[in-house]
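In case you want the letters, here they are:
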Amino acid sequence: MKLSRRRFSLLAGVATAGLAMPRVARAQAKPRVVIVGGGAGGATVARYIAKEQVGAVNVTLIEANAEFTSCFFSNHYIGGYRDFASITHRYDTLVSSYGISLVTGRAVAVDRAAKAVMMHDGARIAYDRLVISPGIDLIYDSVSGYSEAAAELMPHAWKGGAQTKLLKSKLDAVRNGQNILIVPPPNPYRCPPAPYERASIFAHVLTVKGYTDCKIIILDPKEKFAKQALFQEGWQKYYPGMIEWYGPDVHGGIESVDPTAGAVITDLDTFKGALVNVIPAQRAGEIAASAGLADGTGYCPIDPHSMKSQLDKSIYIIGDACIAGDMSKSAFAANSQAKVAAMHIRSELMGSGALPAEYSNICWSVIETDDAVKVGAQYRAGDDGIKSVSSFISHTGEEAGLRKRNYDDAIGWYMQISNDMFGAPGG
Ligand code: FAD
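A. View of the site of the ligand. Taken together, 36 residues surround the ligand, and among them Gly 41, Glu 63, Ala 107, Arg 190 and Asp 320 come closest. One nitrogen or oxygen atom from the main chain of Ser 330 is found 3.4 Å from an oxygen atom belonging to the ligand. Contact with the protein chains hides 94% of the accessible area of the ligand, taken as 1,000 Å² for the molecule alone. Of all the secondary structure elements, the ones that give two or more residues to the shell around the ligand are α2 (40-53), β2 (58-63), α3 (74-78), α6 (194-208) and α10 (331-350). Among the residues forming the shell around the ligand, the class breakdown is 18 nonpolar, twelve polar and six charged.

B. Representation of the pattern of salt bridges. As enumerated under the stated definition, the model contains 24 salt bridges in all. Here Arg 47 makes a salt bridge to Asp 420, at a shortest N to O gap of 3.0 Å. Here the residue Arg 47 occupies a position in helix α2, and Asp 420 occupies one in helix α11 (residues 400-422), the gap between them amounting to 373 residues. Accessibility expressed as a relative area gives 9% for Arg 47, which makes it buried. Arg 90 is paired through a salt bridge with Glu 67; the nearest N and O atoms lie 3.4 Å apart. Of this pair, Arg 90 sits in strand β4 (residues 88-90) while Glu 67 is found in strand β3 (residues 67-69), placing the two residues 23 residues apart along the sequence. Judged by its relative accessible area of 44%, Arg 90 is partly exposed. Through salt bridges that share partners, Glu 233, Asp 371, Glu 398 and Arg 403 make up one connected network.

C. Here's a closer look at empty space enclosed by the protein. Enumeration over the complete set of coordinates arrives at one cavity of 30 Å³ or more. Lining of the largest cavity is provided by Gly 319, Asp 320, Ala 324, Met 327, Ser 328, Lys 329, Ser 330, Ala 333, Ala 334 and Gln 337. Taken together, the residues of the lining of the largest cavity sort by class into four nonpolar, four polar and two charged.

Definitions and cut-offs
Sequence order sets the numbering: in each chain, residues are counted from 1 along the sequence as written. Since the coordinates come from a predicted model, pLDDT governs what is reported: local features require at least 70, and pairs of side-chain atoms require 80 or more to be given and counted, while whole-chain, interface and lining totals use all residues. Each side-chain value is worked out from all heavy atoms of the structure, with water and hydrogens disregarded. Proximity is defined per residue: if any heavy atom of the residue lies within 4 Å of a molecule or strand, that residue is considered near it. Any N or O atom pair separated by 3.5 Å or less is treated as a polar contact, with the protein-specific requirement of one donor-capable and one acceptor-capable atom, and with residues adjacent in sequence counted only for side-chain atom pairs. To measure how exposed things are, a 1.4 Å probe is used in the Shrake-Rupley method; for residues, cover is taken only from the protein chains shown. Each helix is a run of DSSP H or I of at least 4 residues and each strand a run of E of at least 2, with the numbering of both proceeding from the N terminus. Lys, Arg, Asp and Glu make up the charged group, whereas Ala, Val, Leu, Ile, Met, Phe, Trp, Tyr, Cys and Pro make up the nonpolar group; the residues left over, Gly among them, are polar. We count a salt bridge whenever a side-chain nitrogen from Lys or Arg sits within 4 Å of a carboxyl oxygen from Asp or Glu. Exposure is judged per residue with a 1.4 Å probe applied to protein chains only, and the accessible area is read against the type maximum: over 50% gives exposed, under 20% gives buried, and values in between give partly exposed. Whether a set of points on the 1 Å grid over the protein atoms alone is a cavity depends on a 1.4 Å probe fitting there but being unable to get out, while an open set qualifies as a pocket with protein on both sides within 12 Å along at least five of seven lines; lining residues are those with an atom within 4 Å of a point. Grid points are joined across faces, edges and corners, and a volume is the space filled by probe spheres set on the points.

Structure (structure tokens):
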């Protein structure tokens, strides 16, 4: 059959439209997953969705900073076991190898009705599913006299970055015979054993220098603390007479701090230190609260089967910001929760199916070189939150070989989680 020019043009038009329309429709229909926070939870969920869906989902990662300095293993940096570069990571591989769109900037609000994240510069980023993993914010005035400005004199170093460096420089300036004070936070907070690992690390650094006349005094608002028997045994063994822990029944309550005097005023006495490490109370990162996703505890209730917010069915909340039942707030936990969230998001958007949620957590703490202790558990979704189904903890009096294996396992874990969050270098 011979085609007239007009009929050919018509057919060509239809054909072009026929080819073009599904492409446009497909592009528009490509689901959009937006993640706020590129830390242990957020970077992991971004990578797991992007790697499983290879281009079928638009994944956008919003992160306030161009680089991520991990709080986990910051004590290893402070102890001189590794350099700052080794706890600092970039997002390049997530962009180049996984096709994730990286937006460097602060998210300031969530328009839940319109399903869009509002950025500091006025930009709006639309989503079909949103993951919030902003970590914690510090409640500075939970300690009277403490503030963001006071943190320059009495560093908390409970967020990775400049504070971590400041704490190390202040530790390195301590001279033999001077005191260090630590004021740990009340529960619940990021990484329960970390203030006590930090005390061990301070003592290690001072002991290496021969500064064994220094004292590290811990003025705790809590009556007991994580891995207490293990730490206290280790302090006695490696740093005799250097670390003193006072609970509220001894100091009677922390009344205030005086940053310029380097003083912590308690009901019992006024303590002075050349270095004062104040770690205030904590809550979910501000964006979670401003989006109306937190409850009266300051943290965000979630469905333990999926990590979905109990308050918004298009939003998932993972990591330190969520209320994770029996799971403590750790990078290991955030990474584990991220994988459950990724599975459910893929299932909802791509129909890929979801298995029952299983979570795990292991937290190692260094007491001295080659001597680390650990606590860990497996978890499942229960009727009223994430529930521990089996757990383990190191014992006092363990042989040195076992502690050395823990120490090596911890170092191996750091490499493994870094690759799991950011993609293996060159990967
Ligand atoms: P984060 O990892 O803190 O990530 C949050 C990210 O969100 C940050 O990069 C932040 O910049 C970004 N962000 C926040 N708000 C916004 C916004 N509005 N817009 C854009 N970006 C935003 N855990 C372990 O498992 N093992 C350990 O050995 C361990 N040791 C620790 C030692 C110390 C001293 C401390 C303080 C913590 C330790 N942790 C450890 C705990 C661990 O650091 C946290 O539990 C973990 O990082 C939580 O992950 P997350 O994704 O919730 O938050």
